[in-house]
Amino acid sequence: MASFLKQLKDSYYLGPFTLDSVAKDPQRTLKALQHYDLAIIAKPREKFTEEEKQVLDQYIVNGGKTLWMIDPVQAEMDSLNESGTIPVLPMDLGLNDMFFKYGFRIPPVLVKDEMATPIKLANGQEGSGTQYQQYLWKFAPFIYPDSINRNPIVKNLGGIKFDFAGSIDTLKNGIKKNVLLATSKYSRTVGTPTTISLNMVMEQFDPAQYQKGGFIPVAVLLEGSFHSMYENRILPFKDPAYKTVGKPGKMIVIADGDIVKNQFDKEGRPLELGFDKWTGEVYENKDFMLNCVNYLLDDTGLINIRSKNVSLPMLNMKKVHDDYTMAQLITVGLPILILLVFGLLFTWLRKKKYSR
């Protein structure tokens, strides 16, 4: 996330903000949070308390924009054990009731997609005989925006890399929803808890596995006037300014906390977001995330600059061939003629001036 934040600093003022002070003074924390135009909640790992949820809820109800990057499961390549397996457990952040009220759910499942990004694995004997080969890792989906989706966030973007992504279910509640990114036709969800293995890279493609799956939303834009999750409920803390529904707002939900994760070089410096040092591939995670922030903050001009279509007019080769001689005279002969006339005129005026 380091390079992503560095890029944002070029256009916005950033400030770190935690909810640690909610336990002592939730009202003061809420007032402090409301000074910010956008809250980025990236890969939370601890369960939210009811007081913390009320602070975020009132920030959203009062028109605050939010960008959620949520891991629905606990699964990391760092958890790979000696047998080559990774345990996958559901992640309980305590946000299910909050998200349900806003009009979506993130179930504790893992997405498996045949349209995937590669990983490199060692083959052969250890030592000098070790060779590395690329395999498709089906739990790291390679997602292209739908070509018919004209939302500026995803317009003209290329492929985006996800890693241990989840799914997003949208619900009817009066909030406008736009699926920004979805998996391929040949994708499905895997329930948790479960265990996945690196040996899965050897699996053969089987269309029968995906008859009931495909096109799973993994990033959704929500726009409208959000209702408080504590509507008709007892508040965790008293707030005289509490509102059940307020100003129109926006939020983007991404079912992957690693979408802004950087890799590091040998010196420990973060590489460009979207660059995979193991395969040399470059994905468009950076532009997608910048577009999300720009859209939420109504800076669509910055999006248009990055997504602008530049079409170069093609030469009419038949016309060039037919008018080749005339084109030479205009592009080569005419400048020489103008230069010759200017030189003769300058010489004549100079002689006339100094001959007196």
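Residues numbered from 1 in each chain as written. Predicted model: local features only at pLDDT ≥ 70, side-chain atom pairs only at ≥ 80, totals over all residues. Heavy atoms only, no water.

*Asks:* Summarise the pattern of salt bridges; cite the residues concerned and give the values.
*Replies:* For the structure on display, the rule yields 17 salt bridges. Lysine 43 is the partner of glutamate 76 in a salt bridge, and the nearest nitrogen-oxygen pair spans 2.9 Å. Remark: lysine 43 occurs in the loop between strand S1 (38–42) and helix H3 (50–61) and glutamate 76 occurs in the loop between strand S3 (73–74) and strand S4 (85–90); sequence separation between them is 33 residues. Residue class for glutamate 76 comes out buried when judged on its relative accessible area of 17%. In this structure, glutamate 272 engages lysine 286 in a salt bridge whose closest nitrogen and oxygen atoms are separated by 2.6 Å. With a gap of 14 residues between them, glutamate 272 in the loop between strand S15 (249–254) and helix H5 (285–296) and lysine 286 in helix H5 connect regions that are remote in the sequence. (Salt bridge = Lys/Arg side-chain N within 4 Å of Asp/Glu carboxyl O. Helix = DSSP H or I, 4+ residues; strand = E, 2+ residues; numbered from the N terminus. Buried < 20%, exposed > 50% of the residue type's maximum accessible area, 1.4 Å probe, protein only.)

*Asks:* An account of unusual backbone geometry is needed here, citing residue identities and associated values.
*Replies:* The omega torsion across threonine 192 and proline 193 is 5°, close enough to zero to call that bond cis. Among the secondary structure elements, proline 193 is positioned in the loop between strand S12 (187–191) and strand S13 (194–197). With a phi close to 50°, lysine 43 is a non-glycine residue in the positive phi region.

*Asks:* I'd like a rundown of the layout of surface pockets, residues and numbers included.
*Replies:* Here the largest pocket defines a volume of roughly 1000 Å³. Lining the largest pocket we find 31 residues, and of these Gly15, Phe17, Ala39, Ile40 and Ile41 sit closest to its centre. Of all elements in the fold, only helix H1 (2–8), S1 and H3 reach the threshold of two or more residues within the lining of the largest pocket. Considered as a void within the structure, the second largest pocket measures approximately 840 Å³ in volume. If you go around the second largest pocket, you meet 33 residues; those closest to its centre are Lys161, Asp163, Gln263, Asp276 and Trp278. Of all the secondary structure elements, the ones that give two or more residues to the lining of the second largest pocket are strand S7 (116–123) and strand S8 (131–143). When residues in the lining of the second largest pocket are grouped by element, the largest group, four residues, is from S7. (1 Å grid on protein atoms, 1.4 Å probe; cavity = no way out; pocket = protein on both sides within 12 Å on 5 of 7 lines; lining within 4 Å. Points joined across faces, edges and corners; volume = space filled by probe spheres on them.)

*Asks:* Explain the environment of phenylalanine 139 residue by residue, including any values.
*Replies:* For phenylalanine 139, the position within the fold is in strand S8. Under the relative-accessibility criterion, phenylalanine 139 is labelled buried at 2%. Here the alpha-carbon distance between phenylalanine 139 and lysine 185, two residues 46 residues apart in the chain, equals 15 Å. Apart from residues no more than four positions distant in its own chain, phenylalanine 139 is found in contact with Leu110, Val111, Lys112, Asp163, Phe164, Ala165, Val190, Ile196 and Met200. (Contact = heavy atoms within 4.5 Å.)

*Asks:* I'd like a description of the sheet that holds S3, backed by residues and values.
*Replies:* Sheet architecture is open: three strands sit in the order S3-S4-S13, paired in antiparallel fashion. One side of each edge strand has no neighbouring strand; the edge strands of this open sheet are S3 and S13. Bridge count for S4 against S13 is four bridges, and the pairing is antiparallel. From the neighbouring strand, valine 88 faces S13, where its bridge partner is threonine 194. (Pairing = 2+ DSSP bridges.)

*Asks:* Give a description of the sheet that holds S7 that names residues and reports values.
*Replies:* Taken together, three strands build an open sheet; the order of strands is S7-S8-S9 and the sheet is antiparallel. Looking along the sheet, the strands with just one partner apiece sit at the ends: S7 and strand S9 (160–161). Sheet topology note: the S7/S8 ladder contains eight bridges and is antiparallel. Bridging from a neighbouring strand, lysine 120 pairs with glutamine 134 of S8.

*Asks:* Requested: an account of the pairing of S4, with residues and values cited.
*Replies:* By the bridge criterion, two bridges tie S3 to S4 in an arrangement that is antiparallel. When the sheet's bridge partners are listed, valine 73 is paired in S4 with proline 90.

*Asks:* Explain the confidence of the model for the protein chain to me, and be specific about the residues and the numbers.
*Replies:* Counting all residues, the mean pLDDT for the protein chain is 89, and 91% of those residues have values of 70 or more. Across the protein chain, the element-wise mean pLDDT spans from 54 in helix H7 (residues 317–322) up to 98 in strand S5 (residues 104–105). (pLDDT = per-residue confidence, 0-100.)

*Asks:* I'd like a rundown of the nonpolar core, residues and numbers included.
*Replies:* Counting residues in each nonpolar core, the largest one holds 32 residues, and the members touching the most others are Trp68, Phe104 and Met251. At the level of secondary structure, the elements contributing two or more residues to this core comprise helix H2 (26–33), S1, H3, helix H4 (96–102), strand S14 (217–224) and S15. Here the element with the most residues in this core is H3; it accounts for four residues. Dropping the residues within four chain positions of it, methionine 251 is found in contact with Ile60, Thr66, Trp68, Tyr102, Phe104, Val220, Leu221, Leu222, Phe226 and Leu296. In this structure, Leu67, Ile153, Ala165 and Cys292 belong to the second largest nonpolar core, which totals 30 residues. (Core = buried A, V, L, I, M, F, W, Y, C linked by side-chain atoms within 4.5 Å.)

*Asks:* For the packing of aromatic side chains, give the residues involved together with the corresponding values.
*Replies:* Considering all chains together, one arrives at 12 aromatic pairs under this definition. An angle of 70° between the planes, with centres 5.4 Å apart, marks the rings of phenylalanine 142 and tyrosine 283 as edge-to-face. Here the residue phenylalanine 142 occupies a position in strand S8, and tyrosine 283 occupies one in the loop between S15 and H5, the gap between them amounting to 141 residues. Taken as a pair, phenylalanine 142 and tyrosine 283 share a single burial class, namely buried. Taken together, the aromatic side chains of Trp68, Phe99 and Phe104 make up a single cluster linked through ring pairs. Geometry around tyrosine 295 places lysine 250 over its ring, the cationic atom sitting 4.6 Å from the centre. (Phe/Tyr/Trp six-rings, centres within 6.5 Å; stacked < 30°, edge-to-face > 60°. Lys NZ or Arg CZ within 6 Å of the ring centre and 35° of its normal.)

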